[in-house]
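The lines below spell out each chain.
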Amino acid sequence: MRIFTWYEGEPWVKGTKAYKAMQIARIKHMNITTKISRMNKEQVNAAIKIAYTLYPEDELFLKDMASIYPSENPERHRNKVLETSELTIKALNNTTVTVAQGSFILLSIIYPQNTGLHNATDEDLEAFCHMWKCYGYFLGAEDEYVIISFISR
């Protein structure tokens, strides 16, 4: 709901509902960064593991993993990246902000007609990208890493 207020209001104008919603998002990002920075790798991995779900996509994922790794338990591969990575996440960095941002907007940019942006011109999509680039910057992503920078080039 907060993100909708960014679309409907003016997140850059103090006192507006959209501004307050943007501030809440920014504070949450800072709080997550603070919390993660105090954890070791094992604690971070335990906190971000993908839990078992009952969604149809989960069953499809497990079937795919079983076909790739027939002799292993497919559930083990849900968190394989976390288990084998040498990296330890210590903050919401440019990568995490960019990936999250992309999950909000990439389908709208790639398939505007399928996501309700009928008759969107290139100029409209560029304005949409610019808006999200500003949101990303405000939430802590550096310009050069914001995914929208790459799309709008």
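Structure shown above.
Remember, predicted model here, so these are calculated numbers, not experimental data. (Residues numbered from 1 in each chain as written. Predicted model: local features only at pLDDT ≥ 70, side-chain atom pairs only at ≥ 80, totals over all residues. Heavy atoms only, no water.)

Trainee: I tried to follow the packing of aromatic side chains on my own but got confused; where do I start?
Mentor: Geometry of an aromatic ring pair is reported as the spacing of the ring centres plus the angle between the planes. Summed over all chains, the structure comprises 7 aromatic pairs. Taking the centre distance of 5.0 Å and the plane angle of 65 degrees together, the rings of tryptophan 6 and tyrosine 135 count as edge-to-face. Residue tryptophan 6 is found in helix α1 (residues 2-8), and its partner tyrosine 135 is found in helix α7 (residues 122-138); the two are separated by 129 residues along the sequence. Accessibility expressed as a relative area gives 2% for tyrosine 135, which makes it buried. Within the aromatic cluster, the residues linked to one another by ring pairs are Trp6, Tyr7, Trp12, Phe128, Trp132, Tyr135 and Phe138. (Phe/Tyr/Trp six-rings, centres within 6.5 Å; stacked < 30°, edge-to-face > 60°. Helix = DSSP H or I, 4+ residues; strand = E, 2+ residues; numbered from the N terminus. Buried < 20%, exposed > 50% of the residue type's maximum accessible area, 1.4 Å probe, protein only.)

Trainee: Where do I start with a nonpolar patch on the surface in this structure?
Mentor: A cluster of nonpolar side chains, namely Met1, Phe4 and Tyr7, defines an oily patch on the protein surface of about 400 Å² accessible area. Within the secondary structure, phenylalanine 4 sits in helix α1. (Patch = residues over 30% accessible without salt bridge, like charges linked within 9 Å, V, L, I, M, F, W, Y side chains within 5 Å. Areas by Shrake-Rupley, 256 points an atom, 1.4 Å probe, with all protein chains shown as cover. Salt bridge = Lys/Arg side-chain N within 4 Å of Asp/Glu carboxyl O.)

Trainee: Is there a simple way to think about the nonpolar core in this case?
Mentor: By size, the foremost hydrophobic cluster in this structure holds 12 residues: Trp6, Ala21, Met22, Ala25, Ile105, Ile109, Phe128, Cys129, Trp132, Tyr135, Phe138 and Leu139. Elements represented by at least two residues in this core include exactly α2 (17-37), α6 (94-110) and α7. At 5 residues, the largest contribution of residues to this core is made by α7. When residues are assigned to domains, this core turns out to be shared by domain 1 (1-38) and domain 3 (93-152), each giving three or more. Not counting the four nearest positions on each side in its chain, tyrosine 135 is found in contact with Trp6, Tyr7, Pro11, Trp12 and Met22. (Core = buried A, V, L, I, M, F, W, Y, C linked by side-chain atoms within 4.5 Å. Domains from an automatic or database assignment. Contact = heavy atoms within 4.5 Å.)

Trainee: How should the environment of serine 108 be read in this particular structure?
Mentor: Examined against the element boundaries, serine 108 turns out to sit in helix α6. On the basis of relative accessible area, serine 108 is assigned to the buried category, the value being 15%. C-alpha separation for the pair serine 108 and phenylalanine 128, spaced 20 residues apart in sequence, amounts to 9.4 Å. Those residues in contact with serine 108 that lie beyond four places of it in its chain are Thr115, Leu117, Leu125 and Phe128.

Trainee: Sorry, what's going on with the packing of α6 against α7 here?
Mentor: Angle between the axes and distance between the axes: these two values describe a pair of packed helices. As a packed pair, α6 and α7 sit with axes 11 Å apart at the nearest point and diverge in direction by 165 degrees. As summarised for this structure, α6 and α7 are arranged roughly antiparallel, according to the angle between their axes. For α6 against α7, the interelement crossing comes out right-handed. Along its contact with α6, which presents Val97, Gln101, Phe104, Ile105, Ser108 and Ile109, the element α7 presents Leu125, Phe128, Cys129, Trp132, Lys133 and Gly136. Across the contact of α6 with α7, the residue classes tally to 8 nonpolar, 3 polar and 1 charged. (Axes fitted to C-alpha atoms, helices over the stretch in contact; angles between N-to-C directions. Parallel < 35°, antiparallel > 145°, perpendicular 65-115°, else oblique. Left-handed = near helix turned anticlockwise from the far one by under 90°. Nonpolar A, V, L, I, M, F, W, Y, C, P; charged D, E, K, R; others polar.)

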